[in-house]
Amino acid sequence: MGTDDQPALNEKILDEKNIANAPSDVESDITGAADSGEFAVLKDERDIATNIISVADDSSLNPWTIRAFVVGIGLSAFGGVLAEIYYFKPVSDLVQQTVAVSTMFLAIISYVMGMSLAAIIPTHGVFRYLNPHPFNKKENAFIVIMSSAAATSALGTEVLAVQRLFYKIDPNPGATVLLYPSKMLYPGIIPLVSMFDMLFKDAAGAKKKIRVFWIVFGVIFIWEIFPEWMFPLLTGFSIFCLADQRSQDFTRIFGGSNGNEGLGILSICFDWQYISGGLNPMAIPLKAQFSNFIGYILCIVVFVAVYYRNIWESKSFPFLSQELFYANGTVYDQLRILNDKFEVDRDLLLQEGLPFYAGTWVVQLLTTNLGMAATFTHLLLWNRHDLRNAWAWMKPSALKRMWSNFDIRFWRDDGMREGVDEDEDIDPHYREMLKYPDSPNSWYFACLAASILMALVIIYKTDSTLPWWGFIVAILLATVSIIFFGSLYAITGLQFIIQPFVQMIGGFIHPGKPMANMYFVLFSYNSVNQALLLLRDLKIAQYTKLPPRAAFTAQIIGTLFGAVLNFVLMNSIIDNQRDILLSVQGTNIWSGQQPQQYNSQAIAWGGLSHELFASGQRYQFVAFAYIIGLFVPVPFWIVHRYFPKLRADYLYTPVICYYIGWLCVGINSSITVYFSIAWFSQWYLRTRYPEWFAKYNYIVAAALDGGTQARCLGRFSSIPTMVIMIDAL
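Residues numbered from 1 in each chain as written. Predicted model: local features only at pLDDT ≥ 70, side-chain atom pairs only at ≥ 80, totals over all residues. Heavy atoms only, no water.

Asks: Help me understand the overall build of the protein, please; the structure alone is not making it clear to me.
Replies: A count of helices and strands for the protein gives 33 helices and 2 strands. Counting all 729 residues of the protein, 55% fall into the buried class. Within the structure as shown, the protein displays about 31,900 Å² of accessible surface, and the carbon and sulfur contribution to it stands at 63%. (Helix = DSSP H or I, 4+ residues; strand = E, 2+ residues; numbered from the N terminus. Buried < 20%, exposed > 50% of the residue type's maximum accessible area, 1.4 Å probe, protein only. Areas by Shrake-Rupley, 256 points an atom, 1.4 Å probe, with all protein chains shown as cover.)

In structure tokens form, the structure reads like this:
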């Protein structure tokens, strides 16, 4: 089906107002279009949200079952324990990040467990309470949201681990805009929700999708044995490196199959674990991919120029590295500049000298700040209407209405939303959710108040050195950041790591206090990160029509249960493995690499921000990038305003800026294949074979991710992991 057929097909595509006014008919209309082969190219977020994902809702499906709670809590325990164990696992050259229990894996394993329980448990007598009806999509979504909330190693335990290991301190234990609109697509979860739709349909077309899914799942599950165990060369294959294995220049430019080896230009990767790497190329929209690709090309040019022109003394240090170095190229010992209060001692610093960064890491810091600042201006120029709505609650009329409706007995709020469904442009999925009572804002405010109170107690009881006003600044910074970076993540599917951004701000506010910097990062960066996960889970609930109060319950249970498990296991591991975790090498089972790195970054940013990044210092342009970045989107906006045919609106300037520093660490051999698959999926299949794209693209994407993650986590959570758990406890 070529693009010449597009005008005719456009007459067949579903009218958006009809979708909005008759959401119950959308599913049958889409199915009919699929059966007749009449598909237009999906052009925007609303097309994808209404054609790929089922809009119809069956309100009779009940997520509040004992089965859902049992499986959800069980998988929460599994995910929370595994995430914390692998925080203290050694990181090899081939795995540059902590093993994560993904939502895709949790969705598949919970589906298998739920269907098994539904088949095994009798449906009569007293057993009908345990198996009241067939396992359904809303139960599956409920379990995934609960277990995914628990299956993240909390950054709070990272701070506590550093305190116990390096400071010998034993602390005591203690959406309207970003969610509802069609524009806020959250591309990363489309394969997951598409898989849910496929697994719980009885239509003949769904059976074919199920067959395709399990075939692809099985093939990739078996295939991943080869790059992981039998033939690691498949992780990265470069003809150029093979042609001249002795040339360090060839390795820097074309290598990339090992950590921090090179830029991986034109390398071929056959390991989906690294091709996808948290960003499935078949799910991210082409518009975001295009800006990402421009940033990638600029990254290669800038990295090569900085290194070979010896900017920032780059040739004295490794080509790619995130470590601190002495001027002679050896690794900098940060502990030698700290006094007994773990604050930077100026006399000791004078003796040791200021540390250096690798030139490419400086570029990464600079372009990260550039992208952070550009995000604010870009969204204010292109999405100011959406952002205006985000702060509409601050209008005097809105505040007066909130006060008049305020009831201290927040648990009595019925949660029903009035007058919202009168908007013709409302997202069809959100319209279907209006029949269910919402989780009132007062519930979230109550959680916020309790969290703030607990945080204020913690920062003083743990000797954090962070003053109360520093905590308030961190929270305000997180609040503003969530609106902007949350919008960008929701639209593009690309999540910015803003930790360096907040670390530098914390360093300037609290100079010479590395521990205060750690806590500042905890309450700012971690709040943004957790908010994005919260919004992602709520979007899953919206797409699967899981009632809001069920989603809220799942998130609260998963978060609290996971945090307790993280804390208990962290203490157990440190009590039993302290010497190993403090050693540089570690063992093949335990390693303190990640808390060591976190502590080192806190010292560098919290202790040396003024010395390294202030005006007139060695890396002053890293800080100046905040100011420069604010102006980067402006020329593109002016060009589009006066020359709209040039389509400058197609570019995401924050994405371009941020990805100029993309290749600074890790394995880079997968990038060529990543963009090739992205182009093939999001352009060739979407425009040439729109019917196939609508039916199978996201199903295949889900199967590839699910099979790969099942293979990896199957290896990581097998008998050796059980031995580790027993050893830790």
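Asks: Whenever I open this one, the side chain of R67 confuses me. Can you help?
Replies: Within the secondary structure layout, R67 lies in helix 5 (residues 66-87). Excluding anything up to four places from it in sequence, R67 contacts G114, L117, A118, L130, N131, P132, H133, P134, F135 and E139. (Contact = heavy atoms within 4.5 Å.)

Asks: Any chance you could explain helix 31 (residues 671-688) here in plain terms?
Replies: Since the α-helix turns once every 3.6 residues, residues separated by three or four places project in the same direction. With 18 residues, helix 31 ought to run about 26 Å at 1.5 Å a step, and its terminal C-alpha atoms sit 24 Å apart, in line with that. Along its length, helix 31 shows its largest kink, about 30°, at F680. Every buried residue of helix 31 is accounted for by I671, V673, Y674, F675, A678, S681, Q682, L685, R686 and T687. (Expected span 1.5 Å × (residues − 1). Bend = angle between axes of the 7 residues up to and from the residue.)

Asks: Looking at this structure, how should I read the packing of helix 23 (residues 468-492) against helix 25 (residues 514-544)?
Replies: Helix-helix packing is described using two parameters, namely the angle between the two axes and the distance between the axes. Taken N-terminus to C-terminus, the directions of helix 23 and helix 25 make an angle of 35°; their axes are 8 Å apart at the nearest point. The handedness of the crossing between helix 23 and helix 25 comes out as right-handed. Along its contact with helix 23, which presents G470, F471, V473, A474, I475, L477, A478, S481, I482, F485, G486 and Y489, the element helix 25 presents F520, F523, S524, S527, V528, A531, L532 and R536. Of the residues belonging to the contact of helix 23 with helix 25, the class tally is 14 nonpolar, 5 polar and 1 charged. (Axes fitted to C-alpha atoms, helices over the stretch in contact; angles between N-to-C directions. Left-handed = near helix turned anticlockwise from the far one by under 90°. Nonpolar A, V, L, I, M, F, W, Y, C, P; charged D, E, K, R; others polar.)

Asks: Can you walk me through the nonpolar core in this structure?
Replies: Across soluble globular proteins, you tend to see nonpolar side chains buried next to one another. The biggest cluster of nonpolar side chains holds 167 residues, and the ones touching the most others in it are M195 and Y357. Ranked by residue count, the leading element in this core is helix 25, at 17 residues. Dropping the residues within four chain positions of it, Y357 is found in contact with F317, Q322, E323, L324, V362, L365, Q601, A604, W605, L612, F613 and Y619. (Core = buried A, V, L, I, M, F, W, Y, C linked by side-chain atoms within 4.5 Å.)

Asks: Before we go on, may I ask you to explain the packing of aromatic side chains in this structure?
Replies: What describes a pair of aromatic rings is the distance from one ring centre to the other and the angle between the planes of the rings. Per the counting criterion, the structure on display carries 47 aromatic pairs. Look at W662 and Y674: their rings are 6.3 Å apart centre to centre, the planes differ by 70°, and that puts the pair in the edge-to-face class. Taken together, the residues span a long stretch of sequence, with W662 in the loop between helix 30 (653-658) and helix 31 and Y674 in helix 31 at a distance of 12 residues. Take Y674: its relative accessible area is 4%, and that puts it in the buried class. Each member of the aromatic cluster is reached from another via a ring pair, and the members are F293, Y296, F496, Y658, Y659, W662, Y674 and F675. A cation over an aromatic ring shows up here: R618 above the ring of F356, its NZ or CZ 3.6 Å from the ring centre. (Phe/Tyr/Trp six-rings, centres within 6.5 Å; stacked < 30°, edge-to-face > 60°. Lys NZ or Arg CZ within 6 Å of the ring centre and 35° of its normal.)

Asks: Which parts of the structure should I look at to understand the side chain of H378?
Replies: Looking at the element boundaries, H378 is found in helix 18 (residues 359-382). Ignoring any residue separated from it by four or fewer positions in sequence, one finds H378 in contact with N383, P633, L651, Y652, T653 and P654.

Asks: Help me understand the packing of helix 7 (residues 137-150) against helix 25 in this model?
Replies: Where helix 7 contacts helix 25, the two axes come as close as 10 Å, and the packing angle between them is 180°. Accordingly, the angle class assigned to the pair helix 7 and helix 25 is roughly antiparallel. Counting all contacts with helix 7, which are made through K137, K138, A141, I145 and S148, the residues of helix 25 involved are R536, D537, A541 and T544. A per-class count over the contact of helix 7 with helix 25 returns 3 nonpolar, 2 polar and 4 charged. (Parallel < 35°, antiparallel > 145°, perpendicular 65-115°, else oblique.)

Asks: Quick question: what am I supposed to make of unusual backbone geometry here?
Replies: With the exception of glycine, most residues fall at negative phi, and the peptide bonds are largely trans. Look at Y186: it is not a glycine, yet its phi comes out positive at around 55°. You can see Y186 is positioned in the loop between helix 9 (176-179) and helix 10 (190-199).

Asks: I'm lost on the pattern of salt bridges in this one. Help?
Replies: If the charged atoms of two oppositely charged side chains come close together, the side chains can form a pair. For the coordinates displayed, the defined rule picks out 11 salt bridges. Close ionic contact of E611 with R346 constitutes a salt bridge, the shortest N to O distance being 2.3 Å. Pair noted here: E611 is in helix 27 (residues 593-613) and R346 is in helix 17 (residues 346-352), with a separation of 265 residues, a long-range link. For R346, a relative accessible area of 41% puts it in the partly exposed group. A cluster of three or more residues bridged by salt bridges with shared partners is formed by D57, K138, E432 and K435. (Salt bridge = Lys/Arg side-chain N within 4 Å of Asp/Glu carboxyl O.)

Asks: Any chance you could explain the environment of F200 here in plain terms?
Replies: Note on placement: F200 falls in the loop between helix 10 and helix 11 (204-223). For F200, a relative accessible area of 23% gives the class partly exposed. Along the backbone, F200 and I210 are 10 residues apart, and their C-alpha atoms lie at a distance of 9.7 Å. Excluding anything up to four places from it in sequence, F200 contacts Y111, F135, N136, K137 and N140.

Asks: What exactly am I supposed to notice about the confidence of the model for the protein here?
Replies: Interpretation of the predicted coordinates at a detailed level should be avoided for regions scoring low in pLDDT. Put simply, the protein has an average pLDDT of 79, and 79% of its residues get 70 or more. Averaged over each element, pLDDT in the protein is lowest for helix 2 (residues 16-21) (37) and highest for helix 16 (residues 286-308) (94). Within the model, pLDDT remains below 50 along residues 1-37, and this stretch shows 56 contacts once partners closer than five positions in the same chain are excluded. A low-confidence stretch, residues 718-729 stays under pLDDT 50, and its non-local contacts, those more than four residues away or across chains, total 18 contacts. (pLDDT = per-residue confidence, 0-100.)

Asks: When you look at the environment of M184 in this model, what are you seeing that I'm missing?
Replies: Examined against the element boundaries, M184 turns out to sit in the loop between helix 9 and helix 10. C-alpha separation for the pair M184 and G486, spaced 302 residues apart in sequence, amounts to 9.4 Å.

Asks: Before we go on, may I ask you to explain helix 25 in this structure?
Replies: Taking 1.5 Å of rise per residue, 31 residues should cover 45 Å, and helix 25 covers 44 Å from first to last C-alpha, within 8% of that figure. Helix 25 sits mainly inside the fold: 27 of its 31 residues count as buried. Following helix 25 by one or two positions, K545 has its phi on the positive side, about 65°.

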